[in-house]
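Okay, here's what each chain looks like letter by letter:
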Amino acid sequence: MTVEELLAAARSSLDRVGPAEAQAMQAAGALVVDIRPERFRAEEGEIPGSLPIERIHLEWRLDPAGAHRIPQVRADRPVIVVCNEGYASSLAAADLKRLGLPLATDLAGGFRAWRAAGLPVRPGPTPAIP
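This one's a predicted model, so the numbers in the text were calculated from it and none came from an experiment. Residue numbering note: each chain is counted from 1, following its sequence as written. Where local features are concerned, this predicted model is filtered to residues with pLDDT of at least 70; where side-chain atom pairs are given and counted, the filter is 80 or more; whole-chain, interface and lining totals use all residues. Computation of side-chain values covers all heavy atoms of the structure but excludes hydrogens and water.

Our focus in this paragraph is helix α2 (residues 19-27). Here the term buried applies to any residue with accessible area under 20% of the maximum for its type, exposed to any over 50%, and partly exposed to those in between, with areas from a 1.4 Å probe on protein chains only. Helix and strand assignments follow DSSP, with helices taken as H or I runs no shorter than four residues and strands as E runs no shorter than two, numbered in order from the N terminus. Inspection of α2 places Pro19, Ala22 and Gln26 among the buried residues, and these make up the whole buried set. Relative to the axis of α2, the buried residues are bounded by an arc of 60 degrees and lie together on one face. Of the exposed residues in α2, the ones pointing more than 90 degrees away from its buried face are Ala20 and Ala27. Residue contacts follow a heavy-atom distance rule, with two residues in contact if any of their heavy atoms lie within 4.5 Å. Against β1 (31-34), β3 (79-82) and α6 (110-116) lie the buried residues of α2. The first or second residue beyond α2 is Gly29, which carries a positive phi of 120 degrees. Throughout, the arc means the angular range of directions from the helix axis out to the C-beta atoms.

Looking now at the pairing of β3. Of the two faces of β3, the one carrying Val79 and Val81 and the one carrying Ile80 and Val82 are both buried. At least two DSSP bridges between two strands are required for those strands to pair. In this sheet, β3 lies alongside β1 in parallel orientation, the contact comprising four bridges. The residue of β3 that forms the bridge with Leu31 is Val79. The pairing of β3 with strand β4 (residues 104-106) spans three bridges and is classified as parallel. Bridging across to β4, Ile80 finds its partner in Thr105. Here a crossover is taken to be right-handed if, once the strands point away from the viewer, the path from the first strand over the helix to the second is traced clockwise. Traced from β3 through helix α5 (residues 88-99) to β4, the parallel crossover comes out right-handed.

Here is the structure:
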């Protein structure tokens, strides 16, 4: 399997959202998780209200049955994963679905699409949840 095939398989399991839909979902209670490295969050900013959890810790913090999950995680709460451009976030969101978060998805185009849409951005970096 190639990485393109892996990405296509991951995306086939997701109902990906664009920036405006992600913003509306966040306002309705969805959890927005920023998996970008600190350097990118420092340089480009962050989505207000998002939680920075770097990719290496993601499954540990969002496993709804895991002992190390963050308190904001519930199987019935939508989770929107954000990366730079919407590639790594697709793979991560598919992993979260397999862990028991059926409403997990990602932001098509990533943080850069959010910013390009003129949506609010806060300065970063907020310390990532370890």
